[in-house]
Amino acid sequence: MQLHILESIILLLTSAVVVSTIFRRFNLPPVLGYLVVGACVGPYGLGWMPDIQATSELAEFGVVFLMFTIGLEFSLAKLIAMKRLVLGLGGLQVAITTAITMLVAFIAHAHIAMALVVGGVAAMSSTAIVSKQLNDQLELNTPQGLNAIGILLFQDIAVIPFLILIPSLASGNHNVLVPLIHAVVKAAIVMILIMWLGRKVLRPIFHVIAATRSMEIFTLTVLLVTLSSAWLTDKMGLSSALGAFLAGMMLGETEFRHQIEVEIRPFRDVLLGLFFITIGMLLNLSAIPDAWRGILILLTLLIFFKTFIIFGLCRIMGDTSSTALRTGLILAQGGEFSFALLTVAMDEKIFQPHYNQMVLCALLFSMALSPFLIRYNNTISQWFLPKKAHAYENEIALAEAVAETAEGMKDHVIICGYGRVGQNICHFLEAEGFQFLALDMDPSRVQKAKMAGESVTYGDAGNMGILKAAGIMKAKTIIFSFEEPHTAIKAVYQVRQEFPDLPILVRTRDDTHLAALQEAGATEVIPEILEASLMISFHVLVLMGVPVFRAIRHLRSTRADRYQLLHRIYPSEDMMDVEDIEASTHEQLHVVKLTPRSFAIGKKLKDLNIEATSALITSIKRNGIRVPEPDPETEIRADDVVVLYGVPESLDEAERLLLDGEK
């Protein structure tokens, strides 16, 4: 027996590693690879795993751990705020989908138990696939992601009445009101109990565990909490995944949430892969040739019917067409609880075996297609919706999300760009207790920052609608810290036109676009390279014994002069350095060595009229001595080295004037 279990585990792991590696190589969803492995090694495939009962029970823990980690990203306040989605949208989806499906079944002369099974199977979606895919795509906190999670949570609760009603109706017992009320009361009690324990017990326990500084004990405690909450809800007739979600949600409000997620992830990923393999084992490949037409019809009806129902309900609830369609595509598949209802139907002999396998195949194929539907939900919605309408609705949805983050803010700072510079600015503002809102276009960075509780949201700082949603009308100042100068110039101009008195700070890499940004309306432009030069110069002066107040005066003087002193650089001859390449089209230093035959010899600087070329003489080197900012009465002598400053064209004119007397 021991050898048999070990062989089974090795077989599953080997198959999973090989197939998932191949699928990832071709950029295919790994979930699909697990389903393929299950279909191949299961009792209806190669028959290598004839008994899947024990494997299936172990694999269900994958869904438990998945829902626990999803719960970590929520809070009780957020769940209460989602009551409209859970009870409203989720309740309507289950009720209307079930009702319409049952009506069609009655028209086809099905009895009530059969109609209820079909309705329940159609109403359920896959918590495991949807949650994992949305989490991988960083879409959990998007409008369509929140809609999907809200509906899935209600489905997890709604499966209880189905599991009570189906056996009763199949046996001819229509007195089901008392069991239903009993189930609802038990569900309410266990949910309240878990939430109370989470608030009053779990936080102190984890403080004690953390004080031991033992990661082994910490990990064991996380496993204990996860499995205990799942066991409690399962014993009360609820979904074990729902209990894990509630426990995760309670721990998500503690300071240990990130460490908990790190500890639980290995168990979640391994067992979740095993879960999808066991789902694939249910597929009877030999039944497909004889029933492929029926399977195809059921599959098509399921996907289009559910997408259409959810699309309509989301539109009624006020979502945009894009969000509504994307939500429908995300939830278009069958789910794990569909298999649970189908198993009950098999036990009660509600369906003939032929129809059982047909429905089962349609569900499995819908789950196999769902990773593609979820991954490309935005692309597919663009196919069906007009491009202008799709872009407009996306912009509206994005603005609403930004406005929600900025709600209640006043006299705050808007930081456009949440890279290294933007994050450092936020740290200083937070340390002083100032409100701020950061906008960034990197969804991964935004997702991680939001998970950590930072005031960050996804948004295009070049879009005035997004800036208004961020509360620019009430902001104290706005900072552009990203490395896209042309976008910054455009954004600064737009902001200055609408808000002439708002301070605008702009960070740039160097001084290449300094003048353009100032002309666009920037209050201050801070070139990164020049500021680094200033700070190094300050420290060098102090180390060399210059009094601190004089070193600070140099800094202030240079800044007050808009970094003019730091603009004077010598470009390299090979022009290989990026900074020099940018400087080659802007103001720079240029050296001219005068010979006895040069035109300027014996003439005073004021008589040469160098200013007419728009170039400046910054210094003259004579007999090894450098004279900065020479006096206009200075007479030029042979072998003098004149240092000019200006743009390349002006420098050429000034050099010709010094050497040949012509511009």
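The model shown is predicted, which means the values in this text are computed figures rather than measured ones.

Draft legend 1. Geometry of the sheet that holds strand β9 (residues 625-628). Strand order in the open sheet formed by four strands is β7-β10-β8-β9, and the pairing between neighbours is antiparallel. Lying at the two open borders of the sheet, with one neighbouring strand each, are β7 (588-593) and β9. Pairwise comparison of adjacent strand axes, ignoring direction, gives a mean angle of 25° for this sheet.

Draft legend 2. Region of interest: the sheet that holds strand β4 (residues 477-480). Taken in spatial order, the six strands line up as β3-β2-β1-β4-β5-β6 in an open sheet, and their pairing is parallel. Of all the strands in the sheet, just β3 (456-458) and β6 (524-527) have a single pairing partner and so form its edges. Along the sheet, successive strands turn relative to each other by an average axial angle of 20°, direction set aside. Taken together, the three bridges between strand β2 (residues 436-440) and β3 define a ladder with parallel strand orientation. Looking at β3, one finds that Ala438 is bridged to Val456. Across the sheet, helix α24 (residues 528-543) touches β5 (504-508) and β6, and the angle it forms with β6 is around 70°.

Draft legend 3. Structural view of the packing of helix α5 (residues 83-107) against helix α8 (residues 143-170). The geometry of α5 relative to α8 is characterised by a closest axis approach of 8 Å and an angle of 60° between their N-to-C directions. Our classification of the angle between α5 and α8 gives oblique. Taken as a pair, α5 and α8 cross one another with a handedness that is right-handed. Touching Leu85, Val86, Leu87, Leu89, Gly90, Gly91, Gln93, Val94 and Thr98 of α5 are Leu146, Asn147, Gly150, Ile151, Leu153, Phe154, Gln155, Ala158 and Phe162, all from α8.

Draft legend 4. Expanded view of the environment of Gly459. When you line up the elements, Gly459 lands in the loop between β3 and α21 (464-469). Separated by 18 residues in the primary sequence, Gly459 and Met441 place their C-alpha atoms 5.8 Å from one another. Leave out the neighbours within four places in its chain, and Gly459 touches Leu398, Leu439, Asp440, Met441 and Ile466.

Calculation criteria
Residues numbered from 1 in each chain as written. Predicted model: local features only at pLDDT ≥ 70, side-chain atom pairs only at ≥ 80, totals over all residues. Heavy atoms only, no water. Pairing = 2+ DSSP bridges. Helix = DSSP H or I, 4+ residues; strand = E, 2+ residues; numbered from the N terminus. Axes fitted to C-alpha atoms, helices over the stretch in contact; angles between N-to-C directions. Contact = heavy atoms within 4.5 Å. Parallel < 35°, antiparallel > 145°, perpendicular 65-115°, else oblique. Left-handed = near helix turned anticlockwise from the far one by under 90°.

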